[in-house]
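Coordinate analysis (summary)
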Amino acid sequence: MVMIDLYIFSGFVASLFGFVLLYNLRRKIRKTKGTKVVGGEESIKTSPTAGGGLRKEDGGDADIIIVGAGVAGAALAYTLGKEGRRVHVIERDLTEPDRIVGELLQPGGYLKLIELGLEDCVRDIDAQRIFGYALFNGGKDARLSYPLEKFESDVSGRSFHNGRFIQRMREKAATLSNVRLEQGTVTSLLEDEGTIKGVQYKTKNGEVITAYAPLTIVCDGCFSNLRRSLCSPQVDIPSSFVGLILENCDLPHANHGHVVLADPSPILLYPISSTEVRCLVDVPGQKVPSIANGEMANYLKTLVAPQLPHQLHDAFIAAVDKGNIRTMPNRSMPANPHPTPGALLLGDAFNMRHPLTGGGMTVALSDIVLLRDLLRPIHDLNDASTLCKYLESFYTLRKPVASTINTLAGALYKVFCASPDPARKEMREACFDYLSLGGVCSNGPVALLSGLDPRPLSLFLQFFAVAIYGVGRLLLPYPSPQKLWLGLRLIHVSILLVRHPSLLCSIIYVDFCFPYSKILYIACFFKCRSNNVFNCIF
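Residues numbered from 1 in each chain as written. Predicted model: local features only at pLDDT ≥ 70, side-chain atom pairs only at ≥ 80, totals over all residues. Heavy atoms only, no water.

Notes on unusual backbone geometry
Along the chain, D263 connects to P264 via a cis peptide bond; the corresponding omega equals 15 degrees. The omega angle of the peptide bond from L476 to P477 is 0 degrees, so this bond is cis rather than trans. Mapped onto the fold, P477 is located in the loop between α12 (456–475) and α13 (481–498). One non-glycine residue with positive phi stands out, namely E193, at about 55 degrees. Tracing the sequence through the fold places E193 in the loop between β11 (179–192) and β12 (195–203). You will see that N255, though not glycine, has its phi angle at about 55 degrees, which is positive. Structurally, N255 is set in the loop between β15 (236–247) and β16 (257–260). (Helix = DSSP H or I, 4+ residues; strand = E, 2+ residues; numbered from the N terminus.)

Here you go:
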């Protein structure tokens, strides 16, 4: 009996020893196979070479690689660094950006900034507080205030120079010893058996380097060259912004954003410093008048200037004559990710909406808060299966806020544009008059616009309320068959404006299944076995 037990024990030890040998041999074989590089038009094999070739970095150097240090990348770097993660940020250009968008942060975005501990980044950059909007339509105007009564006195919107804001966040991220900012251009993602292992990038000195980390987060902006390997991008360009800076002029309503319902499309104005006002003229379509041959200056002076509030006319003409006119295509791209182990998309690289409502930074900061909370329970990011489940849930949990702000941006842009369609014309007039009523008629829509109440059902109901109000305007005091038909078309138009699959699913998720949504959210933290538990809702 003793001999049998001895044989069994010896066999067990031998089997264990053989298993260890096979496991180590398999690991060595995997390492010698090389790593795929994705992100270009084709995959290639790479291996370290001597003298001017690729230099492989230590895989344990960082927990997370962040591609891009714009608003999303810089805020994310500081947030994850503060959580104790080792973060390596690779940004194409670390000098101060100079852009004509990303200059207005809604109150909902400012609340997220506070939640991330970054509210001091809007201080000492001459940022201006914004308390609401002023609408102008055919000689009439209406002031719409943000519903801020329930918040601290510091809470409001903020407008600023985009570059100054980004530099402040970069500087704050760089104060953390576990955050490393480096200037370089990421050329591709490194893939091994379907999992992203890191990136390949070129330094400002031209050296090509590979960097490895368990998680790579791509947030390299609207011009991202890496998004194609992580999502199915469907970029639409409905219009372009023509940007100017008006100097030393007072807006009709101080500390408010101004929206002029012009023909053919809206004009935005808001302060970006104590002496400067940003003017963004929307030009529909993908082609804008030429700046070089003077077509743009003529367009702005003859078509745009007469539609501005008279207080701003002279400052606008002076800005045009000064000649510092810039253009920016307005991109819209729905979120359509390919869940990929080891990688995540964020910011404008992942999801864009028309910038009319200034909701982009609010969506990005909201995503960062969500991602921070999802990653907190994961102590070891090298646990690929668990990490993948958490990252998949991110794409679903962000939908209610993101789909509301995205749908609102697209719908308001269509409403505020001039149109020959009688139903669209009536919708535009009804929207202006409805908001002009103030009280509950303006508080609800402005709460949506500001990101303070980004609930999908609220958006749907507000557009339906505007449509019903428009029908009442048509039918009173004397209804007719023609007016009744126009009223039905108006309701149809309002439904089409907010009929977005993601929004409708979010309505069901947030407003009708809220108790279950909490259960599902908790299940995520307990490593639910099903990778698609969240996606099945949609």
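Regarding the pattern of salt bridges
As enumerated under the stated definition, the model contains 22 salt bridges in all. For the salt bridge of D63 with R86, the shortest nitrogen-to-oxygen distance reads 3.0 Å. Taken as a pair, D63 in the loop between β3 (55–56) and β4 (64–67) and R86 in the loop between α2 (71–82) and β5 (87–91) lie far apart in primary sequence, 23 residues in all. According to the relative accessible area criterion, D63 is buried, its value standing at 17%. Classification of R86 by relative accessible area gives partly exposed; the value is 38%. Between D373 and R376 there is a salt bridge, with the nearest N and O atoms lying 3.6 Å from each other. A residue is classified by how much of its surface remains accessible, and R376, at 43% relative accessible area, is partly exposed. If you follow the salt bridges from partner to partner, you end up with E83, K112, E115, R372, D373 and R376 in one network. (Salt bridge = Lys/Arg side-chain N within 4 Å of Asp/Glu carboxyl O. Buried < 20%, exposed > 50% of the residue type's maximum accessible area, 1.4 Å probe, protein only.)

Quick look at the environment of F151
Position of F151 relative to the elements: it lies in the loop between β9 (140–145) and β10 (157–159). When the C-alpha atoms of F151 and L111 are compared, they prove to be 9.6 Å apart, with 40 residues separating the residues in sequence. In this view, F151 contacts L111 and L452; residues no more than four positions away in its chain are not counted. (Contact = heavy atoms within 4.5 Å.)

Concerning the pairing of β12
Of all 9 residues that make up β12, 7 are buried, and the element is covered over most of its length. Bridge analysis of β11 against β12 gives 8 bridges, and the strand direction is antiparallel. When the sheet's bridge partners are listed, S188 is paired in β12 with Q200. Where β11 folds back on β12, the antiparallel hairpin that results is connected by 2 residues, among which E193 adopts a positive phi of roughly 55 degrees. Here β12 runs beside strand β13 (residues 208–212); their pairing, made up of 5 bridges, is antiparallel. Bridged to V199 within β13 is A211. Hairpin connection, β12 to β13: the antiparallel pair is bridged by 4 residues, and G206 has positive phi, about 90 degrees. (Pairing = 2+ DSSP bridges.)

Focus on a nonpolar patch on the surface
Taken together, the side chains of L484, W485 and L488 define a hydrophobic patch exposed on the protein surface, amounting to about 350 Å² of accessible area. Among the secondary structure elements, L484 is positioned in helix α13. Taking the relative accessible area as the measure of exposure, L484 reaches 45% and is therefore partly exposed. (Patch = residues over 30% accessible without salt bridge, like charges linked within 9 Å, V, L, I, M, F, W, Y side chains within 5 Å. Areas by Shrake-Rupley, 256 points an atom, 1.4 Å probe, with all protein chains shown as cover.)

Things to note about the environment of S232
Secondary-structure assignment places S232 in the loop between β14 (215–218) and β15. Expressed as a C-alpha distance, the spacing of S232 and P334, which sit 102 residues apart in the sequence, is 9.3 Å.

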